[in-house]
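Here are the chains, one letter per residue:
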Amino acid sequence: MSDGPERRVVEERRAGRGAHRRTRRRGSAPRSRGPLRAFAAVLAGAALVTVLHATVSRDVDARPTDPVPQAPVAPPGRPFDSLLDRVGVSRDGSAAGADLDGAGNSLSARALARAGWTPGREVTLLGTTLEVPDYAPGRPDHLVADGQQVRLHGRYESLTFLVTATGAGGAPVGGSGRIVYTDGTGQPFTLTAPDWAAGPAGDAALVLPYANTDAEDGAGTVPGAVRLYARSVPADPGREVSHLVLPGTGADTGNLHVFSIGARAADHGWTGTWARATSAYMEVGPWQDQTVRLAVRSTAGGHRVRIRLDNTFAAEPVTIGAASVALRGTGAATHGSAVPLTFGGRSDVSIPAGGQVYSDPVDLLLPPQTDALVSLYLPDPVYAAPLHYAAGDTSYLGEPGGGDLTLDTTGAPFTGRLYQWPFLTGIEVADGPGAVVAFGDSITDGVRSTRDGHARWPDVLSARLHARADLPHPGVLNLGISGNHVVSDAYPGEGASVNASGVSQLHRAPRDVFGQYGADTLVLFAGINDLRWGTPPEQVIAGLEELAAAARDRGMRVFVATLGPCAGEARCTAQVETARRTVNAHLRSRAPDPSSPFDGVWDFDAVLRDPQDPTRLLPAYDSGDHIHPGDAGLRALAESVDLDALLGRSRADGGVQGEVSADTPGGGG
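Asks: Would you mind going over the pairing of strand β36 (residues 613–617) with me for this structure?
Replies: For a regular strand, the rule is simple: side chains alternate between the two faces of the sheet. The pairing of strand β35 (residues 609–610) with β36 spans 2 bridges and is antiparallel. Looking at β36, one finds that R609 is bridged to L617. Where β35 hands over to β36, the hairpin turn is made up of 2 residues, counted between the paired strands.

Asks: Please explain the packing of aromatic side chains as it appears in this structure.
Replies: Remark: the centre distance and the inter-plane angle together describe each pair of aromatic rings, the angle taken between the planes. Counting across every chain of the model gives 9 aromatic pairs. Ring centres of W457 and F525 lie 6.5 Å apart, and the angle between their planes is 65°; this geometry places the pair in the edge-to-face category. Pair noted here: W457 is in helix α5 (residues 457–467) and F525 is in strand β32 (residues 519–525), with a separation of 68 residues, a long-range link. On the basis of relative accessible area, F525 is assigned to the buried category, the value being 3%.

Asks: Before we go on, may I ask you to explain the pattern of salt bridges in this structure?
Replies: Working definition: two side chains of opposite charge can pair if their charged atoms are close together. What the rule picks out here adds up to 32 salt bridges. Across the pair R588 and D603 runs a salt bridge, and its minimum N-O distance is 3.0 Å. In this pair, R588 sits in helix α9 (residues 574–590) while D603 sits in the loop between β34 (600–602) and α10 (604–608), placing the two residues 15 residues apart along the sequence. Look at the salt bridges and you will find they share partners, linking E577, R580, R581, R588, D603, D605 and R609 into a network.

Asks: Is there a simple way to explain the nonpolar core in this structure?
Replies: One recurring pattern in soluble globular proteins is that nonpolar side chains are buried together. I307, L309, I320, L376, V382 and L424 are the most contacted members of the largest nonpolar core, which totals 47 residues. Filtering out sequence-adjacent residues up to four positions away, V382 remains in contact with V284, P286, W287, V318 and F423. With 38 residues, the next largest nonpolar core counts F439, L524, A526 and I528 among its residues.

Asks: Looking at this model, I keep getting lost on the environment of S108. Mind explaining?
Replies: Here S108 lies in strand β2 (residues 105–108). Overall, S108 belongs to the buried group, its relative accessible area being 0%. In the structure, S108 is positioned 104 residues away from N212 in sequence and 5.6 Å away in space, judged by C-alpha atoms. Residues in contact with S108, not counting those within four places in the same chain, are V89, S90, D92, Y210 and N212. Engagement of the side chain of S108 in a polar contact is seen with the side chain of D92, the distance being 2.6 Å.

Asks: Whenever I open this one, the layout of surface pockets confuses me. Can you help?
Replies: The method is simple in principle: a probe with the dimensions of a water molecule rolls over the atoms, and the space it marks as empty is what remains. Roughly 770 Å³ of volume is contained in the largest pocket. The wall of the largest pocket is formed by 26 residues, among which R231, S232, E546, A550 and R554 lie closest to the centre. Among the elements of the structure, β9 (186–193), β11 (220–234), α6 (505–512) and α8 (537–553) are those that each provide at least two residues to the lining of the largest pocket. It is β9 that contributes the most residues to the lining of the largest pocket, 7 residues altogether.

Asks: Where do I start with empty space enclosed by the protein in this structure?
Replies: Under the definition given, this model contains 6 cavities of 30 Å³ or more. A volume near 80 Å³ is recorded for the largest cavity. Contributing to the lining of the largest cavity are D441, I443, F525, A526, I528, L563, G564, P565, L608, L617 and I627. Here the residues of the lining of the largest cavity are counted per class, giving 9 nonpolar, 1 polar and 1 charged.

Asks: Explain the packing of α8 against α9 here, please?
Replies: Between two packed helices, what matters for the description is the angle formed by their axes and the separation of those axes. Put simply, α8 and α9 touch, their axes get as near as 9 Å, and they point 35° apart. Of the two elements, α8 crosses α9, and the hand of that crossing is right-handed. Packed against α8, whose contacting residues are P537, V540, I541, L544 and E545, the element α9 presents A579, T582, V583, H586, L587 and R590 at the interface.

The rules behind these values
- Per chain, residue numbering runs from 1 following the sequence as it is written.
- The predicted origin of the model limits local features to residues at a pLDDT of at least 70 and limits the giving and counting of side-chain atom pairs to 80 or more, whereas totals for whole chains, interfaces and linings rest on all residues.
- With hydrogens and water excluded, all non-hydrogen atoms of the structure serve as input to the side-chain values.
- In this scheme, strands are said to pair when DSSP sees at least two bridges between them.
- Elements are defined by DSSP. Helices are runs of H or I of four residues or more, strands are runs of E of two residues or more, and each kind is numbered from the N terminus.
- Any Phe, Tyr or Trp ring, taking Trp's six-membered ring, that has another such ring centre within 6.5 Å forms a pair; planes under 30 degrees apart are called stacked, those over 60 apart edge-to-face, and the others tilted.
- When a residue's accessible area, from a 1.4 Å probe over protein chains only, is under 20% of the maximum for its type it is buried; when over 50% it is exposed; and in between it is partly exposed.
- The working definition used for a salt bridge is a side-chain nitrogen of Lys or Arg within 4 Å of a carboxyl oxygen of Asp or Glu.
- Within this scheme, the nonpolar core is defined by two criteria: the residues are buried Ala, Val, Leu, Ile, Met, Phe, Trp, Tyr or Cys, and they are joined through side-chain atoms within 4.5 Å.
- Any two residues having at least one pair of non-hydrogen atoms within 4.5 Å are treated as being in contact.
- Each polar contact in these results corresponds to two N or O atoms within 3.5 Å; when the atoms are within protein, one needs to be able to donate a hydrogen and the other to accept it, and residues that are neighboring in sequence are counted only if both atoms are side-chain atoms.
- Here a cavity denotes grid points, spaced 1 Å and computed from the protein atoms alone, that fit a 1.4 Å probe unable to get out, and a pocket denotes an open set having protein on both sides within 12 Å along at least 5 of 7 lines; residues with an atom within 4 Å of a point are the lining.
- Grid points are joined across faces, edges and corners, and a volume is the space filled by probe spheres set on the points.
- Side-chain classes are defined by residue name, with Ala, Val, Leu, Ile, Met, Phe, Trp, Tyr, Cys and Pro counting as nonpolar, Asp, Glu, Lys and Arg as charged, and the others, Gly among them, as polar.
- An axis is simply a line fitted to the C-alpha atoms; with a helix, the fit covers only the stretch in contact. Between two such axes, the angle follows the N-to-C directions and lies from 0 to 180 degrees.
- For any pair of crossing helices, the crossing counts as left-handed if the nearer helix is rotated counterclockwise from the farther one by less than a right angle, and right-handed if it is rotated clockwise.

Shown next, in the form of structure tokens:
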């Protein structure tokens, strides 16, 4: 966790909370301000006489006088915690005084604590540190957004809100707020949250199994999940924030409940070099007193490294007893020593349900295109874990009861093989040149490419960038998930599941794209699974353009790829082919459109299709299942990308940025 402006936000919140507590404990009515105002008027008159006297004296004898000190102007707004005035968290069996939804229902303090969300604890969501409300019986723990001015100070790239909604009949609630900068300018933003009981679990920060109630028939619990959401809005990193104005939602549109606000500093200096998305929360092991050693490969290089661990979709915290990072030798053996990692100075860390943690930075020379190993020791039983399911790289597992092997260099104790990536979602390097996010489905994930061959198209794209000495070498982050959809959730977002196709790209983008440090370019290559499962092409197009618009709002450059052919695969019917052509035709039409949300359109369809039958993959590129390209096809995709255009440089061939591009021609489709 980094110090600086992000830490300052937490400290301001704590200061505000202390003031709020002192006011509550006094418990007396506000005292009359009449005598105080009279006394202030006398002081003001005396000050005026003094100033007039100083002015007259200077005119008479021209002798210098000391300047009159000016009282500092208080910054606008108040610390967030001093604005809290609602109680929405209660003890089980004693919900009196707490009411989140206007019907006597509230969040359970016990359920929050079981999830690791204890009062006042810091939780990292969407790459931003927030503070859990310091909830206790009768103590205000949130506010309802209604135009309040919240004091912030610093340069930030984004603000994150912990929110939920009630009172709109199950519909989302939102409104427009404003970030105000110290130069007097403002930036509007929209903040919307789903209903706490009816909203989707797919993009929830935390799902609790029940709520408390103070109904007339006695305090108890209400069965059925309730949810809190994290919502991030971009800020201008080049300007200093003075304060923000929360949305006003109106009396008849429901309530937008805000529990915490965090800010991500603009000068963090981190760039992703490796990343994977969480596919689902799935049964594992069980693992106990056991070490996993995860194989990764860098894209950008650096001398200072940290890792990111996620407990996404989980219902309870998980303890990492120790962790390390090392360059890889052969198999599970390290090249040199393994470097122990700490978290806030400790060797162990507990990750709350739904939360993330970043390790403290360590000095390690990690060159580009280099294999590395991240080891995690799990002291307590782990029966289910958030993981990336379709790992194309082989990782390793120590024996149950084998203890902490994180500093082992030989690899010999790692007798098991692991074909998923649990918990580990990112590796970052300091002072990198930015990162490209490849956001897609199984073709991006590398399904049916050679295991341990680093043959996915983002792998080849990264290698091409590294081979160009005249270009920066950004990180290339593969956030593809096999079976993933743009619009609909495959994995429901809660509970252990056998479906590892993830929540929709619309739901996971805030975490997997906009939560990535240093990401400045987005490549969208998805939609065929939506069409194969019956989603209309118009919804796929709308989803892709919504993702692109959100990325553009964050200052990212956005490229989109047309969908490859899949005739011959069981679900790729003639109707799907018609829908695919509709999507591709629309994307191609956006290339010359100045209002397009895309900076460029990559014609991956033209690269992959068979000129003799444009509904099918070129036989040389077909992995055998007629939908996934093999190594040769994936290489062709990466080699069709104009690297200069990708990085926003002038095209060597004089082409214009934004045009449809594919180095491999094809016909039809």
